[in-house]
Amino acid sequence: MANEHILLVDDSEIILFKLKAALTRLGYVVTALSNPLVALDWLKATENNADLIISDVNMPEMIGFEFVRALRLIPARAHTPVMMLTSKTEIEDKIAGLQAGADDYLGKNVTATELNLRVSALLSRSKGSEGTLIETGAKTITVFSLRGGVGTTSISVNLAISLAQLWDIDVGLWDMNLNSGHCGLFLNIKAKQTPVVLNKFSDANIEEHLIAELLLKHDAGIKLMPAPDSAAEAELVTPATVDMIWPYMQSHFPYLVIDAGNHLTEPVLNILERSDIILLAVSPELASIKSACDALDIFDRMGLDLEKVVPVINNTIAENHLPTTKIIPVLRNRPIFEIPYDCAGFVQAILTGKPLVTTAPKSEAGMAIVTMAYRLSTKSMSGVKKARVSPLLETVRKKLGVAS
Ligand SMILES: Nc1ncnc2c1ncn2[C@@H]1O[C@H](COP(=O)(O)OP(=O)(O)OP(=O)(O)O)[C@@H](O)[C@H]1O
Ligand SMILES: [Mg+2]
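Described in the following lines is the structure provided in the data block.

With respect to the nonpolar core
Thought 1: Counting residues in hydrophobic clusters, the biggest one holds 47 residues, and the most contacted among them are Leu279 and Met372.
Thought 2: Beyond its immediate stretch of four places on either side in the chain, Met372 contacts Ile155, Leu159, Leu279, Val312, Phe337 and Ile339.
Thought 3: Among the nonpolar cores identified, the runner-up in size contains 45 residues, and Val268, Ile271, Leu280 and Ala292 belong to it.

Details of the side chain of Asn262
Thought 1: Within the fold, Asn262 resides in the loop between β10 (256-259) and α10 (266-274).
Thought 2: For Asn262, the side chain forms a polar contact with the side chain of His263, separated by 3.4 Å.

Comments concerning the site of ligand 1
Thought 1: Around ligand 1 sit 22 residues in total, of which Gly149, Thr153, Ser154, Asn314 and Asp342 are the nearest.
Thought 2: Within the side chain of Asn177, a nitrogen or oxygen atom sits 3.2 Å from an oxygen atom of ligand 1.
Thought 3: Its free accessible area being 640 Å², ligand 1 has 84% of it covered by the protein chains.
Thought 4: Placement of ligand 1 is best described as lying within the second largest pocket.

Structural notes on the packing of helix α2 (residues 36-44) against helix α3 (residues 64-72)
Thought 1: One way to put it is that α2 packs onto α3 with a least axis distance of 10 Å and a crossing angle of 15°. By the angle between their directions, the pair α2 and α3 is classed as roughly parallel. At the point where α2 passes α3, the crossing takes the right-handed sense. Here Pro36, Ala39, Leu40 and Leu43 of α2 lie close against α3, whose contacting residues are Phe67, Ala70 and Leu71.
Thought 2: Along the lines of polarity and charge, the residues of the contact of α2 with α3 split into seven nonpolar, no polar and no charged.

Quick notes on the layout of surface pockets
Thought 1: Considering only enclosed or pocket space, the second largest pocket measures out at about 420 Å³ in volume.
Thought 2: Lining the second largest pocket are 23 residues; nearest its centre among them are Gly149, Val150, Gly151, Ser154 and Thr316.
Thought 3: Take the lining of the second largest pocket: its biggest share by element is four residues, from helix α13 (residues 343-352).
Thought 4: Residue composition of the lining of the second largest pocket, by class: eight nonpolar, 13 polar and two charged.

How each quantity is defined
- Residues numbered from 1 in each chain as written.
- Chains lettered and ligands numbered in written order.
- Predicted model: local features only at pLDDT ≥ 70, side-chain atom pairs only at ≥ 80, totals over all residues.
- Heavy atoms only, no water.
- Core = buried A, V, L, I, M, F, W, Y, C linked by side-chain atoms within 4.5 Å.
- Buried < 20%, exposed > 50% of the residue type's maximum accessible area, 1.4 Å probe, protein only.
- Contact = heavy atoms within 4.5 Å.
- Helix = DSSP H or I, 4+ residues; strand = E, 2+ residues; numbered from the N terminus.
- Polar contact = N/O pair within 3.5 Å; in protein donor to acceptor, adjacent residues only side chain to side chain.
- Near = heavy atom within 4 Å.
- Areas by Shrake-Rupley, 256 points an atom, 1.4 Å probe, with all protein chains shown as cover.
- 1 Å grid on protein atoms, 1.4 Å probe; cavity = no way out; pocket = protein on both sides within 12 Å on 5 of 7 lines; lining within 4 Å.
- Sits in = over half its atoms within 2 Å of the grid points.
- Axes fitted to C-alpha atoms, helices over the stretch in contact; angles between N-to-C directions.
- Parallel < 35°, antiparallel > 145°, perpendicular 65-115°, else oblique.
- Left-handed = near helix turned anticlockwise from the far one by under 90°.
- Nonpolar A, V, L, I, M, F, W, Y, C, P; charged D, E, K, R; others polar.
- Points joined across faces, edges and corners; volume = space filled by probe spheres on them.

The structure is reproduced here in structure tokens:
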């Protein structure tokens, strides 16, 4: 960290003074300039070194977004990390800044601790470091998004199969996309009856075999609790239905993966509250990123522990996507997983009813999901003695350079 050079640009001498003092105390070398036009000249001079630029948004000579656009045109500064310093925290402003080429945002009333964390995180990201390695002891992993079509079903189905095949266990998969559940379609299995039949029972008189009979077995090691047959039946799955099914799914599988779809209904809220991990599916385009931010805000207001929310950037689009490094700050700098674009692989999987990780686990997208499964589960599986190491486990360990 020490001796990294930060250029500060703000028309307020007070802010410049305060931030320069805080950053200097943290060990950074700081150049503070109050005029963005002067700062552009400073950045054009090759003898000046800046590892990070922190710029205000509202400046009389030139607004911050224009300043960022202009500095990106200086070849030597095209990739220098830029943080926008602003009192504006609206998502639209953040997106405008990101489109202009900024990498992160910093509130003007930032504390010294947060300043330290954010600056060092951005500096290490820009040096291409791996980011936080996610290791959880999760048992129930729910995949959700407020926007449809971003891959909650693709992620859920492939994640459940990956967990089953990595550890050679049975994994529960629960289709809670009540309006349009597609897990059965993706797995080429059809339900004879759905959880709606449980409505004639109550928590008190439900018997285990009634729930077991609803489960559909798939050869890849998963048992699927199907969604209702049609959108018309969606409302028939209530929080009471969830209460009846939850204990069985919890006690019969080491892992439970839930496709919660994209509607925040009461039963889905129930599930989100009880899950150990919420994978928030995000496609790298503005509307999806906005929906993901909305979801984080709602979770926050609900009092959900945001530590259990992990965004999964699923590259469902081939072109014009926003780069991951720019999406991370908008999503509150949460550690993320990422799945690469693989249209042919995922479409073929749906057409044949054979999920990607069963046919191409070593493809880039397949490996991304298998690695995600491994990272989500290693902690809870580390104490489990296994007679046989699955080929998939061997592959992922080799890829990550982890000893068996
Ligand atoms: N990484 C990816 N690369 C390319 N295409 C993908 C990727 N992930 C998913 N897709 C495709 O995106 C489409 C939507 O995926 P999926 O059905 O899993 O999303 P969803 O969020 O469950 O949608 P819905 O709102 O209908 O439930 C599918 O055609 C799928 O093949
Ligand atoms: Mg779906």
